[in-house]
Amino acid sequence: AAQGRGGGASPQLDLAVSPMSISFPSADPDAAPVVAAAPVVVTVRVRQNQGPWLLTVLAGGDLIAGPATVDITNVSWTATPAPPFQNGTLSKTVAQQLAAGIDSVNPARNGSVTFRLVNSWTYSAGNYTQTVVFTLSAP
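A short tour of the structure in this document, coming up. Not measured: the values here are computed from a predicted model. The residue numbers shown here count from 1 along each chain, following its written sequence. Only residues with pLDDT of 70 or above have their local features reported here, since the model is predicted, and side-chain atom pairs are shown and tallied only from 80 upward, although totals for entire chains, interfaces and linings are computed over all residues. By convention in this description, side-chain values take in all heavy atoms of the structure and omit both hydrogens and water.

Re the overall build of the chain
Next, step 1: A count of helices and strands for the chain gives 0 helices and 11 strands.
Next, step 2: Per the convention used, a helix needs a DSSP run of H or I reaching at least four residues, while a strand needs a run of E reaching at least two, with both numbered from the N terminus. Listed by position from the N terminus, the elements making up the chain come as β-β-β-β-β-β-β-β-β-β-β.
Next, step 3: Think of it in three bands: residues with accessible area under 20% of the maximum for their type are buried, residues over 50% are exposed, and the middle band is partly exposed, with areas taken using a 1.4 Å probe on protein chains only. In the chain, which comprises 139 residues, the proportion classed as buried is 32%.
Next, step 4: Residue contacts are defined here by distance: any two heavy atoms, one from each residue, within 4.5 Å place the two residues in contact. For the chain, contacts bridging at least 24 residues in sequence account for 77% of all contacts bridging at least 6.
Next, step 5: Here the Shrake-Rupley method, with its probe set to 1.4 Å, supplies the accessible areas, and only the displayed protein chains count as covering residues. In the structure as shown, the chain presents an accessible area of about 7600 Å², 54% of it carried by carbon and sulfur atoms.
Next, step 6: Here the positive residues are Lys and Arg and the negative ones are Asp and Glu; neither His nor the chain ends is included. To locate a charge, the coordinates of NZ of Lys, CZ of Arg, CG of Asp or CD of Glu are taken. In the chain, which carries 6 positive and 6 negative side-chain charges, the distance between the mean positions of the two groups comes to 16 Å.

Encoded structure:
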């Protein structure tokens, strides 16, 4: 909606995430109770905006490997720079705020997001997968 944005111009939003997939290292849970994936670079650019913007992340479900699952809330993240980026925990039901701001972000701004998994002996061995959706909006 262009209301309240001056001149009727809609915000122009650009979002890039790289790499498009991550992997957690295999490790002994006694020695590494939390394992981290390589950082993900999230690039945000918001133009022609005169209001708040929001970047959220939502998991498509729990981590899945065949019949085995790991609750997605065992995956959290740390993000820099803060602000506008912030730390959090993945959810499969409610989109979680990863970053937010006011007005435009131009030139683009990069954030570094490191996903972390609580490591446990209770997980069944397997190659777990799940999709995570990043959404940039200027409501």
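Alright, that's what it looks like, and here's the rest.
Focus on the sheet that holds strand S11 (residues 132-137)
Next, step 1: Pairing within the open sheet is antiparallel, and its 3 strands lie in the order S9-S4-S11. Whereas interior strands pair on both sides, the edge strands pair on one side only; in this sheet they are strand S9 (96-102) and S11. In this sheet, neighbouring strand axes are inclined to one another by 10° on average, regardless of whether the strands run parallel or antiparallel.
Next, step 2: In this scheme, strands are said to pair when DSSP sees at least two bridges between them. Sheet topology note: the strand S4 (residues 52-59)/S11 ladder contains 6 bridges and is antiparallel. Paired with alanine 59 across the bridge in S11 is valine 132. An axis is simply a line fitted to the C-alpha atoms; with a helix, the fit covers only the stretch in contact. Between two such axes, the angle follows the N-to-C directions and lies from 0 to 180 degrees.

Side note on the side chain of threonine 114
Next, step 1: On the secondary structure map, threonine 114 appears in strand S10 (residues 105-118).
Next, step 2: Setting aside residues no more than four positions away along its own chain, threonine 114 makes contact with Ala36, Ala37, Pro39, Ser76, Trp77 and Thr78.

Some words on the nonpolar core
Next, step 1: The term nonpolar core refers to a set of buried residues drawn from Ala, Val, Leu, Ile, Met, Phe, Trp, Tyr and Cys, joined through side-chain atoms within 4.5 Å. Judged by nonpolar contacts, the single largest core of 31 residues is most densely connected at Trp53 and Leu55.
Next, step 2: Breaking this core down by element, the ones donating at least two residues are strand S3 (40-47), S4, strand S5 (63-65), strand S6 (68-70), strand S7 (75-80), S9, S10 and S11.
Next, step 3: Once you skip the residues sitting within four places of it in the chain, tryptophan 53 turns out to touch Val44, Val46, Pro84, Ala99, Ala100, Gly101, Ile102, Asp103, Val105, Leu136, Ser137 and Ala138.

What about the pairing of S7?
Next, step 1: Covered by surrounding structure in S7 are Val75, Trp77 and Ala79 only, the residues Ser76, Thr78 and Thr80 on the alternate face being uncovered.
Next, step 2: The sheet contact formed by S7 and strand S8 (residues 88-89) spans 2 bridges and is antiparallel. The residue of S8 that forms the bridge with serine 76 is threonine 89.

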